[in-house]
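What follows is each chain in one-letter form.
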Amino acid sequence: MPTSQPDHRPLEVDARCVRLNAKAETPAAVAPAVEQRPLSRGENEVLIEIKAAAVNPSDVKAATGLMPYAVFPRTSGRDYAGVVLDGPAAVIGREVFGSSGDLGIRRDGTHATYLAVEAEAVVEKPKNLSWAEAAGIGVPFVTATEGFRRAGLPERHETVLIFGVTGKVGQAAVQIASWRGARVIGVTRKHEVYAGHTNGPVEVIDSSAADVAARVRELTDGKGVNIVFNTVGDPYFEAAHKSLALRGRQILISAIDRIVQFNILEFYRGQHTYVGIDSLGLSSIMTGAVLREISPGFVSGHLKPFPIKPNAIYPLEEAKAAFIAVAGSSRDRVILRP
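Since we're looking at a predicted model, the values are computed, not measured.

*Asks:* In this structure, what is going on with the overall build of the chain? I would like to understand it.
*Replies:* Tallying secondary structure elements over the chain gives 9 helices and 16 strands in all. Against the 2.2 N^0.38 benchmark of 20 Å for 338 residues, the chain shows a C-alpha radius of gyration of 20 Å, consistent with a compact globule. Judged by the C-alpha coordinates and their principal axes, the chain covers about 65 × 40 × 35 Å. Going through the 338 residues of the chain one by one, you find that 52% of them count as buried. Within the chain, contacts between residues separated by at least 24 positions form 70% of all contacts whose residues are at least 6 apart in sequence. For the chain, the exposed area adds up to about 14900 Å²; of that, 52% sits on carbon and sulfur atoms. Side chains of the chain carry 38 positive and 36 negative charges; the gap between the two charge centres is 3 Å.

Structure, rendered in structure tokens:
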């Protein structure tokens, strides 16, 4: 998006915002309040009228004190889609979407009628996507893309193993890896068929019925996989470690227990690489750059947004119900619509 200096005085609006005024002990105790607050853009920012905003698990974690750097009070929300209402003349009226590692965590976020954000952070919304679909792209696709960028993008001759393949980040990883022509193997906790979008076959391993690492070796003629995208963390760490091929790399984005043990000898003799990804460490501008990179995939149809069910769309006044749905591990992409 252009970042030329505006030629008029910033507009001030009264925004209705979902406010988290204090840390909650549990998701059920989260008490978001809808408050009216004056808002205008700062220098090098645009003011966006929000049409839809997603609710992510990180929104719930930040509300319950699991992120010590989260500030209170604040407006929640990391992902959004909307129309530029104020800013440089060239961008007013543009349909945009975006995400962030700091919005809704360290500063006021997207669960509101309006948002002020850096002009460089916003990305043109693909015209073939609805507002809710565009708002639902952010965190999952940014996390998956950044993981592959840091570990090395999958190639046609490579095999990618995805733990937690039915989750949102897992599905985004499938789409990206299969778009690039890599072979994809997914791992689930129980017998389940992969139902998300893919650009190629997805072989699924039921971890409750098979030794994952042994099955991976069978499927790869003993070689193992080139990339493991571990969206779950420590419960699958050992299986992931044993599934890696020579010079394989494992991407980690989550943990339940923080401490794991692994065989260092196998690690260095296998010439493995472990990559840690924290999307919360990406600024709005950095996140915008990632979304700008993958946006053509949504235009071409190689990447598809998550389906948005009508009963998973909530008004701002029902933000608590939306938070509880996400905390309850809902598989729906939950959206707030001002």
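*Asks:* What is the right way to look at the nonpolar core in this model?
*Replies:* Most often, soluble globular proteins have nonpolar side chains that are buried together. In terms of nonpolar packing, the biggest core is built from 41 residues, with Phe 141, Phe 148, Ile 162 and Phe 229 touching the most fellow members. Counting only elements with at least two residues in this core, the list comes to β3 (45-54), α2 (131-135), α3 (138-151), β9 (159-163), α4 (168-179), β12 (225-230) and α8 (284-300). Examining the composition of this core, we find that 6 residues originate from one element, α4, more than from any other. Residue contacts for Phe 141: discarding those within four places in its chain leaves Ala 172, Gln 175, Ile 176, Ile 294, Phe 298, Leu 303, Lys 304 and Phe 306. Ala 24, Tyr 314, Val 326 and Leu 336 belong to the second largest nonpolar core, which has 15 residues in total.

*Asks:* Quick question: what am I supposed to make of unusual backbone geometry here?
*Replies:* Keep in mind that most residues, glycine aside, have a negative phi and that most peptide bonds are trans. Note the cis peptide between Phe 72 and Pro 73, where omega equals -10°. Considering the arrangement of structural elements, one finds Pro 73 in the loop between α1 (57-63) and β4 (74-75). Even without being a glycine, Asp 221 presents a positive backbone phi close to 55°. Within the element layout of this structure, Asp 221 appears in the loop between α5 (212-219) and β12. Phi at Arg 247 takes a positive value of approximately 65°, unusual for a residue other than glycine. Position of Arg 247 relative to the elements: it lies in strand β13 (residues 244-252).

*Asks:* Before we go on, may I ask you to explain the layout of surface pockets in this structure?
*Replies:* One way to see where empty space is left: roll a probe the size of a water molecule over the atoms. By volume, the second largest pocket amounts to about 340 Å³. Along its surface, the second largest pocket is lined by 18 residues, and Lys 168, Gln 171, Ala 195, Pro 307 and Arg 331 are the ones closest to its centre. Here the residues of the lining of the second largest pocket sort into 6 nonpolar, 5 polar and 7 charged.

*Asks:* Explanation requested: the pattern of salt bridges in the structure shown.
*Replies:* Where charged atoms from two side chains of opposite charge approach closely, those side chains can pair. Considering all chains together, one arrives at 20 salt bridges under this definition. Between Glu 293 and Arg 149 there is a salt bridge, with the nearest N and O atoms lying 3.5 Å from each other. Note that Glu 293 is positioned in helix α8 and Arg 149 in helix α3, a separation of 144 residues in sequence. A residue is classified by how much of its surface remains accessible, and Glu 293, at 40% relative accessible area, is partly exposed. Taking the relative accessible area as the measure of exposure, Arg 149 reaches 40% and is therefore partly exposed.

*Asks:* Would you mind going over the pairing of β3 with me for this structure?
*Replies:* Here is the key point about a regular strand: its side chains alternate between the two faces of the sheet. Of all 10 residues that make up β3, 8 are buried, and the element is covered over most of its length. Where β3 lies against strand β7 (residues 114-118), 5 bridges are found, and the strand directions are antiparallel. Within β7, the position partnered with Glu 49 by the bridge is Tyr 114.

*Asks:* Help me out: how do you make sense of the packing of α3 against α4 in this one?
*Replies:* Each pair of packed helices gets described by two things: the angle between the helix axes and the distance between those axes. Where α3 meets α4, the axes come as close as 8 Å, and the angle between the chain directions of the two elements is 55°. Relative to α4, the element α3 lies oblique. As for how α3 packs across α4, the hand of that crossing is right-handed. The segment α3 lies against α4, with Pro 140, Phe 141, Thr 143, Ala 144, Thr 145 and Phe 148 engaging Lys 168, Val 169, Ala 172, Ala 173, Gln 175, Ile 176 and Ala 177.

*Asks:* What am I meant to see in the side chain of Asp 234 here?
*Replies:* Turning to its location among the elements, Asp 234 is positioned in the loop between β12 and α6 (237-243). Within the buried core, Asp 234 has no salt-bridge partner, and the shortest N-O distance to an opposite charge, that of Arg 258, equals 9.0 Å. At a separation of 2.6 Å, a polar atom in the side chain of Asp 234 contacts the main-chain amide nitrogen of Ile 256. Separated by 3.0 Å, the side chain of Asp 234 and the backbone nitrogen of Asp 257 make a polar contact. Leave out the neighbours within four places in its chain, and Asp 234 touches Ala 255, Ile 256, Asp 257 and Val 260.

*Asks:* Sorry if this is basic, but what is going on with helix α9 (residues 319-327) here?
*Replies:* Because the α-helix completes a turn every 3.6 residues, residues three or four places apart line up on one side. For α9, every residue scored as buried is listed here: Ala 319, Ala 322, Phe 323 and Val 326. The arc that holds the buried residues of α9, viewed along the axis, is 100°, so those residues lie on one side. On its buried face, α9 is in contact with β1 (12-20), α1, β15 (313-314) and β16 (335-336).

*Asks:* Mind showing me how you'd approach the sheet that holds strand β11 (residues 202-206) here?
*Replies:* Hydrogen bonds along the backbone pair up the strands of a sheet, which may run parallel or antiparallel. The strand order across the open sheet formed by 6 strands is β11-β10-β9-β12-β13-β14, and the pairing between neighbours is parallel. Each edge of the open sheet carries a strand with a single partner, namely β11 and β14 (273-276). Shown here is a sheet whose adjacent strand axes are inclined to one another by a mean of 20°, direction ignored. Sheet analysis places β12 next to β13, joined by 5 bridges and oriented parallel. Looking across to β13, one finds that Val 228 is bridged to Gln 250. The strands touched by α5 within the sheet are β9, β10 (183-188), β11, β12 and β13, with β11 carrying the most contacts at an inclination of about 150°.

Rules and cut-offs
- Residues numbered from 1 in each chain as written.
- Predicted model: local features only at pLDDT ≥ 70, side-chain atom pairs only at ≥ 80, totals over all residues.
- Heavy atoms only, no water.
- Helix = DSSP H or I, 4+ residues; strand = E, 2+ residues; numbered from the N terminus.
- Rg over C-alpha atoms; globule rule 2.2 N^0.38 Å.
- Buried < 20%, exposed > 50% of the residue type's maximum accessible area, 1.4 Å probe, protein only.
- Contact = heavy atoms within 4.5 Å.
- Areas by Shrake-Rupley, 256 points an atom, 1.4 Å probe, with all protein chains shown as cover.
- Lys, Arg positive; Asp, Glu negative; His and termini not counted.
- Charge placed at Lys NZ, Arg CZ, Asp CG, Glu CD.
- Core = buried A, V, L, I, M, F, W, Y, C linked by side-chain atoms within 4.5 Å.
- 1 Å grid on protein atoms, 1.4 Å probe; cavity = no way out; pocket = protein on both sides within 12 Å on 5 of 7 lines; lining within 4 Å.
- Points joined across faces, edges and corners; volume = space filled by probe spheres on them.
- Nonpolar A, V, L, I, M, F, W, Y, C, P; charged D, E, K, R; others polar.
- Salt bridge = Lys/Arg side-chain N within 4 Å of Asp/Glu carboxyl O.
- Pairing = 2+ DSSP bridges.
- Axes fitted to C-alpha atoms, helices over the stretch in contact; angles between N-to-C directions.
- Parallel < 35°, antiparallel > 145°, perpendicular 65-115°, else oblique.
- Left-handed = near helix turned anticlockwise from the far one by under 90°.
- Polar contact = N/O pair within 3.5 Å; in protein donor to acceptor, adjacent residues only side chain to side chain.
- Arc of directions from axis to C-beta.

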